[in-house]
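Overview (structure and organization)
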Amino acid sequence: MDFSVTFWGVRGSIACPSPNHVIYGGNTSCLEVVAGGRHIILDAGTGIRGLGHKVMEQGIQASTLLLTHTHWDHINGFPFFAPVFQKHRSLDIYAGHLHDAGGIQSVLASSMSNPVFPVPLEALQAELTFHDFKAGETLLLGDDVTVRTAALNHPNGSTGYRIEYDGKAMCYVTDTEHRPGEPDRNVLELIRGADLVIYDSTYTDDEYPRHVGWGHSTWQEGVRLCRAAEVKRMAIFHHDPDHDDTFMTKVEAEAAESWPGAFVAREGMTVDIGALSSA
């Protein structure tokens, strides 16, 4: 597969390893995107630990890490990503919400400083390069991968990503809050015509009124946005830790009935973006 995404962590807020979170997974946000010869990681939640083992086993030397934001559930796996402890590996780290707030290097260093973590950022042996940009800018990863970005509606800021390769596009839009009846124009423009959109579906429409201001959306809003933007498929993502396997199985059935293009992301799932067709 020249263009694919693998889900290493699909949960939001906090990891939930339990017998009731086996089918869909309990690790927090982390995706692996392979675009030709480029290795891209989206977020560094607890799922990045397992991805690190794969990187080591397959001898992947260089990766790019795109962070949506730096709330704990999206970065607390970073110190457990084994490749960063090896000198011969490299990692480019990007963030679009800290340009005027100290920068991504400073925030990661703070998260790994005493007394909250015993291994400081400067102890890592890999070649780390830090890039701060402003959400809305376009990033070029080599001459064959274009990454378009957009600001999302989330406390402390968050960035949505659209990765384009070989005429295909996948979007990662998580940790964003919608306003009922007002489609988010930033999101619509980012996802328009995409082959796959991975969308923040922390709540259902019924649950949403109790969580206004928390910075998250619903799978139903994701379906509304994707249908309006003529997206081929949508992955329901960033599952609430209180949504166990029974709850998520019900969501999966309801979503499929609502729009055949929607499916629930599961930890370990790989999607071949190049092979997707309209539902």
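Residues numbered from 1 in each chain as written. Predicted model: local features only at pLDDT ≥ 70, side-chain atom pairs only at ≥ 80, totals over all residues. Heavy atoms only, no water.

1. Describing the pairing of strand 10 (residues 168-173)
Here strand 10 lies mainly inside the structure; five of its six residues are buried. Of the strand pairs in this sheet, strand 9 (residues 158-165) and strand 10 are connected by five bridges, and their pairing is antiparallel. Its bridge partner lying in strand 10, glutamate 164 is registered against alanine 169. Inspection of the sheet shows strand 10 paired to strand 11 (residues 196-200) by four bridges, in the parallel sense. Considered in strand 11, the bridge of cysteine 171 is made with valine 197. After leaving strand 10, the chain enters helix 4 (residues 185-191) and then returns to the sheet as strand 11, a path that is right-handed. (Buried < 20%, exposed > 50% of the residue type's maximum accessible area, 1.4 Å probe, protein only. Helix = DSSP H or I, 4+ residues; strand = E, 2+ residues; numbered from the N terminus. Pairing = 2+ DSSP bridges. Right-handed = clockwise from strand over helix to strand, strands pointing away.)

2. Digging into unusual backbone geometry
Here the residue pair asparagine 114 and proline 115 is connected by a cis peptide bond, since its omega of 5 degrees sits within 30 degrees of zero. Phi is positive for aspartate 43, close to 70 degrees, though the residue is something other than glycine. Among the secondary structure elements, aspartate 43 is positioned in the loop between strand 3 (38-42) and helix 1 (48-58). A positive phi angle, close to 75 degrees, is found at asparagine 156, a residue other than glycine. Note on placement: asparagine 156 falls in the loop between strand 8 (145-152) and strand 9. Judged by relative accessible area, asparagine 156 falls into the exposed class, the value being 64%.

3. With respect to helix 6 (residues 245-258)
The terminal C-alpha atoms of helix 6, which comprises 14 residues, lie 20 Å apart, in line with the 20 Å expected from a rise of 1.5 Å per residue. Here helix 6 has its buried residues at Asp245, Met248, Val251 and Ala255. Down the axis of helix 6, the buried set is contained in an arc of 115 degrees. They therefore lie on one face. For helix 6, exposure combined with an orientation more than 90 degrees from the buried face picks out Thr246, Lys250 and Glu257. Contacts made by the buried residues of helix 6 are with helix 5 (219-228), strand 12 (233-237) and strand 13 (262-264). (Expected span 1.5 Å × (residues − 1). Arc of directions from axis to C-beta. Contact = heavy atoms within 4.5 Å.)

4. Quick notes on the sheet that holds strand 11
A sheet is described by the order of its strands in space; here seven strands give the open sequence 7-8-9-10-11-12-13, paired in mixed fashion. At either end of the open sheet lies a strand with only one pairing partner, and these are strand 7 (138-141) and strand 13. The sheet shows a mean angle of 20 degrees between the axes of neighbouring strands, taken without regard to direction. Inspection of the sheet shows strand 7 paired to strand 8 by four bridges, in the antiparallel sense. Looking at the pairing, leucine 141 lines up with valine 145 of strand 8. Strand contacts of helix 5: strand 11, strand 12 and strand 13, with the helix running at about 160 degrees to strand 12, the strand carrying the most contacts. (Axes fitted to C-alpha atoms, helices over the stretch in contact; angles between N-to-C directions.)

5. Some thoughts on the environment of histidine 21
Among the secondary structure elements, histidine 21 is positioned in the loop between strand 1 (3-9) and strand 2 (30-35). Separated by 102 residues in sequence, histidine 21 and alanine 123 have C-alpha atoms that sit 34 Å apart. Ignoring sequence-local partners within four residues, the contact set of histidine 21 consists of Arg11, Cys16, Gly26, Pro241, His243, Asp244 and Asp245. Only 2.6 Å separates the side chain of histidine 21 from the side chain of serine 18, close enough to count as a polar contact. (Polar contact = N/O pair within 3.5 Å; in protein donor to acceptor, adjacent residues only side chain to side chain.)

6. A few points about the sheet that holds strand 4 (residues 62-67)
Reading across the sheet, the seven strands line up as 6-5-4-3-2-1-14 and stay open at both edges, with mixed pairing between neighbours. If you trace the sheet from one side to the other, it starts and ends with strand 6 (127-132) and strand 14 (270-272), each paired once. Each strand axis lies, on average, 20 degrees off the axis of its neighbour in the sheet, ignoring direction. By the bridge criterion, six bridges tie strand 1 to strand 2 in an arrangement that is antiparallel. Its bridge partner lying in strand 2, phenylalanine 7 is registered against leucine 31. Here helix 3 (residues 104-111) sits on the sheet and contacts strand 4, strand 5 (90-95) and strand 6; the angle it forms with strand 6, its principal contact strand, is near 125 degrees.

By themselves, these observations are geometric and do not establish any function.
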